[in-house]
Amino acid sequence: MSVFVAFEGGEGSGKSTQSKLLYERIIAEGFSSLLLHEPGGTSVGEEVRRILLAERGATGKKSSRSKNSTMNSLTELLLFSSARSELIEKVIKPNLEKDTIIICDRFIASTIAYQGYGRNINLDTVENIINVSTHGIKPDLTILLSVDPDKALDRVNSQLSLLDSVSNPVEKENPRLDVEGSRRFELESINFHKRVFQGYKEMSKDSSWLTIDATKSIDEIHNLIWDKIQMLIR
Ligand SMILES: Nc1ncnc2c1ncn2[C@@H]1O[C@H](COP(=O)(O)OP(=O)(O)OP(=O)(O)O)[C@@H](O)[C@H]1O
Ligand SMILES: [Mg+2]
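This write-up is about the structure you can find in this document. Small disclaimer: the values here were computed from a predicted structure and weren't measured. Sequence order as written defines the numbering, with residues in each chain counted from 1. By the order in which they are written, chains take letters starting at A while ligands take numbers starting at 1. Selection of residues for local features in this predicted model requires a pLDDT of at least 70, selection of side-chain atom pairs for listing and counting requires 80 or more, and totals for whole chains, interfaces and linings are taken over all residues. Only heavy atoms go into the side-chain values, all of them from the structure, while hydrogens and water stay out.

Here we take up the overall build of the chain. Within the chain one finds 11 helices and five strands. For every residue, the accessible area obtained with a 1.4 Å probe (protein chains only) is divided by the maximum for its type, and the residue is called buried under 20%, exposed over 50%, and partly exposed between those limits. In the chain, buried positions account for 48% of the 234 residues. Sequence separation of 24 or more characterises 79% of the internal contacts of the chain that already satisfy a separation of 6 or more. Accessibility throughout is a Shrake-Rupley quantity obtained with a 1.4 Å probe, and a residue counts as covered only by protein chains that appear here. Counting every atom, the chain has about 11500 Å² of accessible surface; 52% of that belongs to carbon and sulfur. Helix and strand definitions follow DSSP, with helices as H or I runs of at least four residues and strands as E runs of at least two, each counted in order from the N terminus. Contacts are assigned to residue pairs that have any heavy atoms within 4.5 Å of one another.

In C-alpha cells form, the structure reads like this:
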C-alpha cells in the first residue's frame, strides 16, 4: 500500500528542503517514492501555476505586485483547486494503489491556511471546494514545519539577497525548488502570515499531523521525519 505524506508550513519553513531530503532517503533505502509539489505536477497544473505567479507577486517587486493584484480570492482558490484536481486524477490516484511513498510539497492544508485563514474565505466554502477537487483524498501524514513567520521570512529574505549577489546563472538555478511560487505570498503583510500560521496550528491538532520545530537543524528535522516514516511503512 502507498503512504501519502504532505509537507506544510509557511514560506521558508523548509518544506522543499525536507521533502527532497525525504525523497532521497526513501530511494536510498530501496523504497519507491514520488516527489510532487503544488500547484503543479501536470501540464495543466504547471500552466495554472504560471497564471497564479503572473497575477500576483511573481516578480517580487512591490510595485508590479499591486499593479497585478487583480485576481479575487475566490478565483485564486479555484485555480489552486483546478491544479489539484489534475494532480489527483493524473498522478496521485493512480499511485495510491502502488507500493510507493507519495510526497507532496504543500497540499490541501495550504489552501485552508492561505485562502481560508489568510484571505478570510469562509472555511466551509474552502473545505467544500477541497472535497470536490480531491474526492476526499487526504494525506496519511501531514508534517508541519513550524516556525514563527517573522523568523521564516528573515530566512527567505537573506536567501533572496544572497541570490541577487550571485552572478553565476547555474548557482541561481533551483536553490529553492519553488522560489517563484513562494513569492506569490511572500509580499503579503506580516498579519497575513500570522493568520496562516494560526490556521496551521489549529489544523495540526489532528492526529494525522506531526509538528516539528522548524528552527532545529536540517539534519535533526530530517531524522525526526525519517523516524516517523519508518513507523508508517513498517
Ligand atoms: N532547518 C533549517 N535551518 C536553517 N535554514 C534552513 C532550514 N531548512 C531550510 N533552511 C533554509 O531556509 C531557506 C528556505 O527553505 P525551503 O526553500 O526549503 O523552504 P520552503 O518551506 O520550501 O519555502 P517556500 O514556502 O517559500 O517554498 C533555504 O535557504 C533553506 O536552505
Ligand atoms: Mg518550497
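Text resumes after the structure shown.
Here helix H2 (residues 43-55) contains 13 residues, and its C-alpha end-to-end distance of 19 Å stays within 8% of the 18 Å for a straight helix at 1.5 Å per residue. Buried within H2 we find Gly45, Val48, Arg49, Leu52 and Leu53. Take H2 and look down its axis: the buried residues cluster within an arc of 140°, on one side only. Helix span is expected to be 1.5 Å times the residue number reduced by one. Directions drawn from the helix axis to the C-beta atoms are what define this arc.

Following the sequence through the fold, glutamate 186 ends up in helix H9 (residues 179-186). The spacing of glutamate 186 and valine 156 is 30 residues in sequence and 8.6 Å in space, taken between C-alpha atoms.

This part covers the packing of aromatic side chains. The criterion for an aromatic pair is that two Phe, Tyr or Trp rings (for Trp, the six-membered ring) have centres within 6.5 Å, with stacked assigned to planes under 30 degrees apart, edge-to-face to planes over 60 apart and tilted to the rest. Summed over the entire model, instances satisfying the criterion amount to four aromatic pairs. Here the aromatic cluster, defined as three or more aromatic residues joined through ring pairs, consists of Tyr114, Phe192, Tyr200 and Trp209. Charge-over-ring placement is defined geometrically: NZ (Lys) or CZ (Arg) within 6 Å of the ring centre, and within 35 degrees of the ring normal. The aromatic ring of phenylalanine 107 is capped on one face by arginine 84, whose charged end is 5.3 Å from the ring centroid.

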